[in-house]
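So you can see what is in the structure, the chains are spelled out below.
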Amino acid sequence: MNAIPTLPNYINGQWCASSATEYLDVINPATAELLAQVPLSPASEVNQAAVAAAAAFVTWRRTPPTERVQYLFKLKNLLDEHFEDLARTITLECGKTLAESKGEMRRAIENVEVACGIPMMMQGTNLEDVAKGIDEMMIRQPLGVAAVICPFNFPGMIPFWFLPYAIACGNTYIVKPSEKVPLTMQKIFQLLEKIGLPQGVINLVNGAKAAVDAILDHPQIRAISFVGSTPVAKYIYSRGAANGKRMQCQGGAKNPIIVLPDADIEMTTRIAADSAFGCAGQRCLAASIAVTVGTARQTFTEAIAQTAKNRIVGNGLDQSVEMGPVITTESKARIEGLIQKGVDEGANLLIDGRNPNITDYEKGNFIRPTILQNVEPAGEIARTEIFGPVLSLIHLDSIDDAIALINSGQYGNMACLFTSSGAAARKFRYEAEAGNIGINIGVAAPMAFFPFSGWKESFFGDLHGQSNHAVEFFTQTKVIVERWPSEWSRQF
């Protein structure tokens, strides 16, 4: 019988056992197999990481950006080399299908590639003779120590919205993985160790709330990134900002897709199902409401119900499987309770995915795709983030009504429109109040060379992850105004 590993931290270039007195089990959500134990590291170990990172910053910030990105080139090659193993690890601890895990890691690698452009992206501006004999310039300098508090649903990708940009800009970094899925980041740090970064530039501290609070309160940590639910995002943003830190906190979502009568129903149904049920609905860009307009009601409803019913659910390592489990038994119970809440509010349970029997995986946290029909737009279920494979159907009379519904919600992460009308598409992208807009797209996830967006209670802060937003977040601007009269300067 193999011993269950206890995961170490990585601080100041060394793997080190935590002094934690409490541990959590890391469970495969498809099989209930115990994969590892993760320590709930105390605040003192966050302090060790922050002190090491602060010491490393002194030299790292003076390393030319052309040299800093050489480490990222090496990392990109290692991520490619270990691509299959990393994807499999994501599936083991997170539950998503292997194809979804591979897509996640591909997006992570894209961010490393984009961050390799820091020598261009980090450049400032200058102008001669802003006044007679006076020149002015703006330069970007790194902040110091930064940290990320990661969610469970994308253990490979989301840290890379931030990490490569932070270190390429000359900062040092601390990663706090989700305690539910810490194995992927363990393997990534094993690769980071191989690229030869100076000690203290990158650090990993496992843990839960005590570690999070220590990050939020530590005086040497200057900037913090977070992705998770809106209540937690509000807590992290307010506590970190109160301590004078630069914050970017991605919150929850209730993402609508609008189906107009002129939409290609076959394409729309396939894309909508992938959006709603991909990753078992556990992503901040999952479609959770489908609003049909006019005659799209009958055709789309029939098609999406059939597609949901036929979706293959099981262990994500099986290549025939189209949807895996949700992350924990607690998540399953919460999702099933919200499905019942929808029924209690008057919705018709068109497809009920609760308590399925998945052969050979009876202990897994499975819910089949679920569809609630005739959901009340003003009801609680239409405004609550379920974070599971549940699609609510609402019918409205016009695109104006659909846009009004979108704009009345508390969230603003994503909104998508399915149509063959360019005029409708332009109206939608102009008026819909969401940070990520899709036109005949089900998951409007920005490529790494665009910033991830999010409005209203889906985001707290000013600068998002990825691309030029990440560069701006991890640097501070300095303006220099210079005058050199000839009588002050040595003449040659």
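Described in the following lines is the structure provided in the data block. (Residues numbered from 1 in each chain as written. Predicted model: local features only at pLDDT ≥ 70, side-chain atom pairs only at ≥ 80, totals over all residues. Heavy atoms only, no water.)

1. Digging into the sheet that holds strand β14 (residues 348-351)
Note on sheets: strands pair through backbone hydrogen bonds, and any given pair is parallel or antiparallel. Taken in spatial order, the seven strands line up as β14-β15-β16-β13-β12-β18-β19 in an open sheet, and their pairing is mixed. Single-partner strands in this sheet number two, and they are β14 and β19 (436-439). Shown here is a sheet whose adjacent strand axes are inclined to one another by a mean of 20°, direction ignored. When strand β18 (residues 414-418) meets β19, the two strands line up parallel, connected through four bridges. Residue pairing in the sheet places Met-414 in a bridge with Asn-436 of β19. Helix α12 (residues 329-344) contacts β14, β15 (370-373) and β16 (390-396) of the sheet and is inclined by roughly 20° relative to β15. Sitting on the sheet, helix α13 (residues 399-408) touches β12 (255-259), β13 (287-293), β16 and β18, and the angle it makes with β16 is about 135°. (Pairing = 2+ DSSP bridges. Helix = DSSP H or I, 4+ residues; strand = E, 2+ residues; numbered from the N terminus. Axes fitted to C-alpha atoms, helices over the stretch in contact; angles between N-to-C directions. Contact = heavy atoms within 4.5 Å.)

2. Brief notes about unusual backbone geometry
You will see that Asn-355, though not glycine, has its phi angle at about 50°, which is positive. Here Phe-387, not a glycine, exhibits a phi torsion of approximately 55°, which is positive. Topologically, Phe-387 is positioned in the loop between β15 and β16.

3. Side note on the packing of aromatic side chains
Evaluated as defined, the whole model comprises 10 aromatic pairs. Measuring from ring centre to ring centre gives 6.0 Å for Phe-152 and Phe-387, while their planes differ by 85°; the resulting arrangement is edge-to-face. You can see Phe-152 sitting in the loop between β7 (145-149) and α6 (163-168) and its partner Phe-387 sitting in the loop between β15 and β16, a full 235 residues away along the chain. On the basis of relative accessible area, Phe-387 is assigned to the buried category, the value being 18%. An angle of 80° between the planes, with centres 6.0 Å apart, marks the rings of Tyr-173 and Phe-474 as edge-to-face. (Phe/Tyr/Trp six-rings, centres within 6.5 Å; stacked < 30°, edge-to-face > 60°. Buried < 20%, exposed > 50% of the residue type's maximum accessible area, 1.4 Å probe, protein only.)

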